[in-house]
Amino acid sequence: MSDVTVDEDGQVKGSRAITNPRFGPHFKGKKGNETLVGVPISLVGVHGRRRWQRVILGVDLFLDRNEIGSAMRLLTRVISRAEGGVTHVVYDRLMQGTHVRDLLTRGVVPVVEMSEAAANTPHVLLPSELQRVGYRSEGQREKRKGKGARRRSGDKVAPKERLAVRFLRTETHDVGTVPCHHELWALDGAVVSVPPGTEVTLEAAYVECVDLRFEPADNDLRAVGTLRVPCRTGAFLAELDYADTRPGRGRGKSLTLADWVRPLPEACFQIEGLPGLRSDVESSFSWLKSLLPRNRAGSLEPQNFYLDIIGAGLLCNAIAWGVHVARHTRCAQHEARLDRRGRRRKSVIATVS
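Asks: Which residues make up the overall build of the protein chain, and what are the values?
Replies: Check the secondary structure of the protein chain and you find five helices and 15 strands. Buried residues in the protein chain amount to 37% of all 353 residues. Within the protein chain, contacts between residues at least 6 apart in sequence are counted, and of these 46% link residues at least 24 apart. Of the roughly 21900 Å² of accessible surface on the protein chain, 51% is carried by carbon and sulfur atoms.

Asks: Give me the lowdown on the confidence of the model for the protein chain, citing residues and values where you can.
Replies: Overall, the predicted model of the protein chain reaches an average pLDDT of 83, with 85% of residues at or above 70. Below pLDDT 50 for its whole length, residues 135–155 participates in 35 contacts with residues either more than four positions away or in separate chains.

Asks: Kindly report on helix 2 (residues 97–104), identifying the contributing residues and their values.
Replies: Within helix 2, the full set of buried residues consists of Gly97, Val100, Leu103 and Leu104. Angular distribution of buried residues about the axis of helix 2 spans 125°; they occupy a single face of the element.

Asks: Let's hear about the pairing of strand 6 (residues 109–112): which residues, and what values?
Replies: Neither face of strand 6 is open: one carries Val109 and Val111, the other Pro110 and Val112, and all of them are buried. Inspection of the sheet shows strand 5 (residues 88–91) paired to strand 6 by four bridges, in the parallel sense. Of the residues in strand 6, the one forming a bridge with Tyr91 is Val112. Following the chain from strand 5 across helix 2 to the adjacent parallel strand 6, one finds a crossover that is right-handed.

Asks: Run through the sheet that holds strand 8 (residues 162–175), naming residues and quoting values.
Replies: Strand order in this open sheet of seven strands is 7-8-9-10-11-12-13, and the pairing throughout is antiparallel. Each edge of the open sheet is held by one strand with a lone partner, namely strand 7 (123–125) and strand 13 (236–241). Between one strand axis and the next, the sheet turns through 40° on average, direction left out of account. Bridge analysis of strand 12 (residues 220–229) against strand 13 gives six bridges, and the strand direction is antiparallel.

Asks: Tell me about unusual backbone geometry, residues and numbers included.
Replies: If a residue is not glycine, its phi is most likely negative; likewise, a peptide bond is most likely trans. Not every positive phi belongs to a glycine, and Asp188 is a case in point at roughly 55°. Note on placement: Asp188 falls in the loop between strand 9 (178–187) and strand 10 (190–194).

Asks: Quick rundown of the packing of aromatic side chains? Include the residues and the values.
Replies: Using the criterion set out here, one finds one aromatic pair in the structure. Here Phe167 and Trp185 contribute two aromatic rings whose centre-to-centre distance is 5.2 Å and whose plane-to-plane angle is 70°, an arrangement assigned as edge-to-face. You can see Phe167 sitting in strand 8 and its partner Trp185 sitting in strand 9, a full 18 residues away along the chain.

Conventions used here
- Residues numbered from 1 in each chain as written.
- Predicted model: local features only at pLDDT ≥ 70, side-chain atom pairs only at ≥ 80, totals over all residues.
- Heavy atoms only, no water.
- Helix = DSSP H or I, 4+ residues; strand = E, 2+ residues; numbered from the N terminus.
- Buried < 20%, exposed > 50% of the residue type's maximum accessible area, 1.4 Å probe, protein only.
- Contact = heavy atoms within 4.5 Å.
- Areas by Shrake-Rupley, 256 points an atom, 1.4 Å probe, with all protein chains shown as cover.
- pLDDT = per-residue confidence, 0-100.
- Arc of directions from axis to C-beta.
- Pairing = 2+ DSSP bridges.
- Right-handed = clockwise from strand over helix to strand, strands pointing away.
- Axes fitted to C-alpha atoms, helices over the stretch in contact; angles between N-to-C directions.
- Phe/Tyr/Trp six-rings, centres within 6.5 Å; stacked < 30°, edge-to-face > 60°.

What follows is the structure, given as structure tokens:
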């Protein structure tokens, strides 16, 4: 929006107008940053991984700094309208266990990375060679040099160093006539198995979730996972309800198990490429901004600009429909010509090589 501000002395800055400068509202960011002058918008979309296959499913305007609250309201509407068409949701670490559980009880699997464990809680240190640039949940900003250290405004590039570890339960199965015990632990969202009394390390045996099904439970759903627990005498199966609760501090208080475990943890091979889909949301915002004159909001009234965002979403969907479904629009015909040229160029390169 507008960069025009007024200092403590009443002097207008950022405008050449002598009278009636264009003041825009300043919205606080998630951490109370009042210097941000953009309009807080949340967006839910899907992408088919081909050019012009982005579809925007919903947008929302929130002025209370509650980004996750806005996102959950929007996701609830989209999931309800889709009537079973939404199976997975990709989000960042801002989504906590209560929100993960809420989606699981709706029959949707969240793909959410675990936050870094606090220094005063049980954890396993991640070796530096396994650390990767990302978002540290504590919000500490650290400078890094070298490849992969590119940063934009507001990025927190410090890698996750501490992996949360929590005890789940002990599973027992019979090996002949002798009982065999396995301790199940949650390690950075994944379930691992160690012999009783053994310290949990990165070498702990990974317990794979081979099946996830949703079963009715009261007014919600249970997310029951079938686990394959490795054993030296042969693996055996166990079950875990990812939408279950766990005992909490205080009398009668319970917390969600989703704070500790994820149906699709980072250690799972099925997650390959899924977290990167969230980047499409940032790309969607960049595309929306590119449509604005001089990269500025068309109105200083948030509700009016909200209508512009809705219109841009409809335009995005119309392009996807025209290119990949109708295929008779001018945009679709242009894309078809580009595709034919691309295929011809690739065939020529293949022939020469």
